[in-house]
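Fold and geometry: a report
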Amino acid sequence: KAGVTQTPRYLIKTRGQQVTLSCSPISGHRSVSWYQQTPGQGLQFLFEYFSETQRNKGNFPGRFSGRQFSNSRSEMNVSTLELGDSALYLCASSFQREAGDTQYFGPGTRLTVL
Amino acid sequence: AQSVTQLGSHVSVSEGALVLLRCNYSSSVPPYLFWYVQYPNQGLQLLLKYTSAATLVKGINGFEAEFKKSETSFHLTKPSAHMSDAAEYFCAVTRPGDYKLSFGAGTTVTVRA
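Residues numbered from 1 in each chain as written. Chains lettered and ligands numbered in written order. Predicted model: local features only at pLDDT ≥ 70, side-chain atom pairs only at ≥ 80, totals over all residues. Heavy atoms only, no water.

1. Here we look at the side chain of S73 of chain B
All names here are of chain B. Secondary-structure assignment places S73 in strand β8 (residues 73-78). You can call S73 buried: its relative accessible area is 1%. Every residue in contact with S73, bar those within four places of it in the chain, is listed here: C23, N24, Y25, E66, F67 and K68. (Helix = DSSP H or I, 4+ residues; strand = E, 2+ residues; numbered from the N terminus. Buried < 20%, exposed > 50% of the residue type's maximum accessible area, 1.4 Å probe, protein only. Contact = heavy atoms within 4.5 Å.)

Structural data, given as structure tokens:
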């Protein structure tokens with residue numbers, strides 16, 4: 001089975017712009033979660049989608065949003081970019097959404113905000 | 001609330017030596033615990049996980065971890081380090097009813113020849 005794929009792998013944007021990142025989960029997986037990784041804050045949970053519904057949201061401003069499509073693919077959007085949004089954005093998928101389920105991670109999208 | 005503490009942000013070991021990475025958790029209910037590894041410019045790869053089946057958990061690449069409830073610990077070990085073990089390692093926790101992963105700050109492992 002193909003793993004979790006994320007596109008694009010690298011992005012450079014300027015402050016004030018918006019960006020959309022895409023995640024394709026492992027075939028058959030219905031849950032998709034997004035995490036932000038920065039040197040200062042480490043790995044932080046952004047949000048999780050299951051069956052096209054947001055089930056959980058982390059402590060991030062409303063500029064961060066996402067959605068999930070009927071084929072389980074997910075996108076996240078960041079509007080009005082700030083310098084502090086520069087990070088590696090990781091997507092993870094799992095078959096269900098039980099707490100002990102393994103979440104499989106993609107390679108990430110490296111976002112740089114100038 | 002649940003949290004994870006990884007002791008030591010950087011560990012340096014000689015090739016062939018024991019690798020020991022420490023992880024302590026705080027949780028009001030029995031947690032699920034995970035160790036992930038991240039190589040440069042890559043995502044996270046699961047090494048092993050504890051889901052209450054057995055306290056000693058064996059993972060990939062020769063790693064294992066032992067869940068000790070009395071010490072609220074889930075330390076990761078490998079008897080003999082290999083150069084390919086150089087990476088960053090993350091301990092993470094979830095608990096029943098809370099699906100999201102909460103990560104420790106990570107430990108970077110350097111392997112000396």
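There is more to say, and it comes next.
2. Some words on the sheet that holds strand β8 (residues 74-78) of chain A
Residue and element names in this part refer to chain A. Reading across the sheet, the four strands line up as β1-β3-β8-β7 and stay open at both edges, with antiparallel pairing between neighbours. Either end of the sheet is taken by a strand with one partner, and the two such strands are β1 (5-7) and β7 (64-68). Neighbouring strand axes in the sheet, compared pairwise and without regard to direction, differ in orientation by 20° on average. Sheet topology note: the β1/strand β3 (residues 19-24) ladder contains three bridges and is antiparallel. Paired with T7 across the bridge in β3 is S22. (Pairing = 2+ DSSP bridges. Axes fitted to C-alpha atoms, helices over the stretch in contact; angles between N-to-C directions.)

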